[in-house]
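Below, each chain spelled out in residue letters.
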Amino acid sequence: MSPRANFEQELTALRANMEEMGKGIEKAFDTLLAAIAVNDTEQLEEIQRNDRKINDMERKIEAGCLLLITRQQPVLASDLRVVSSVMKAVSDMERIGDHASDIAEVAVRLDGINYKKYARSMPQMLEETRKILRDAVELFLTRDEEKAKEFYKRDDLIDDLFNEVKEEIVSCLKEEATDKDACVDLLMIAKYLERIGDHAVNISEWEVFKETGNIKDYRML
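The notes below deal with the structure included here.

Conventions adopted
Residues numbered from 1 in each chain as written. Predicted model: local features only at pLDDT ≥ 70, side-chain atom pairs only at ≥ 80, totals over all residues. Heavy atoms only, no water. Salt bridge = Lys/Arg side-chain N within 4 Å of Asp/Glu carboxyl O. Helix = DSSP H or I, 4+ residues; strand = E, 2+ residues; numbered from the N terminus. 1 Å grid on protein atoms, 1.4 Å probe; cavity = no way out; pocket = protein on both sides within 12 Å on 5 of 7 lines; lining within 4 Å. Points joined across faces, edges and corners; volume = space filled by probe spheres on them.

### Section: the pattern of salt bridges
- What the rule picks out here adds up to 19 salt bridges.
- Notably, a salt bridge pairs Arg49 with Glu46, separated by 2.6 Å at the nearest N-O pair. Taken together, the positions of Arg49 and Glu46, both in helix α2 (residues 41–72) and 3 residues apart, correspond to about one turn of that helix.
- A network of salt bridges, in which partner residues are shared, links Lys23, Glu26 and Glu138.

Shown next as structure tokens:
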């Protein structure tokens, strides 16, 4: 088999692992929302335990990228962009997995508290975060450069919802009968969601880099 054919074969395997990880974090977040909806403590704790699997997948993909570079020594700029963008994107995916686990931990502590009681915008923020995560993974896997270029605009909605949640919680904190600990925990969840939105945008930016060599309008490769 020619060196180029070997490279393409290993790259195909790398993409398959990337898809597995992307679908894995999507599933973890979908499961998280379902568990929160019914206060499934057992499922929330399982999400925390499964975070190790996502970490292991990140290490597996990073190792594959490094082996690809050292063994195949890609000389084309486009090949180097593919490998380096995968390494960067999986790092953002791993952080998303961490934040999903963090949210699950806080949700266990909240023990079925009605989120809307303290923050009316929280359910919408949870759902919009699910959507931006799903779409970021999809555009990276399908190499949709055009959607990726405009994806940063999607994060504006998450940021606006975070500010709404924050204002709603601050308002609740001024009331004497409010459960202050619950308010703090909900604010933590909102911050984790806001960070997931940031990582989703990062994934879209690595897709643009993969196709063009540009990151944030700066030519890198």
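Structure's up, so let's keep going.
### Let's talk about the layout of surface pockets
- Each pocket or cavity is described by its volume, and for the largest pocket that value is around 330 Å³.
- As for the largest pocket, its lining consists of 19 residues, and the residues nearest its centre are Gly24, Ala28, Asn50, Lys53 and Ile54.
- Among the secondary structure elements, those contributing two or more residues to the lining of the largest pocket are α1 (3–38), α2 and α3 (77–110).
- In terms of residue count, the dominant contributor to the lining of the largest pocket is α2 (9 residues).
- In this structure, the second largest pocket spans a volume of roughly 220 Å³.
- Forming the boundary of the second largest pocket are Ala148, Lys149, Tyr152, Ser204, Glu205, Val208, Thr212, Asn214, Ile215, Lys216 and Asp217.

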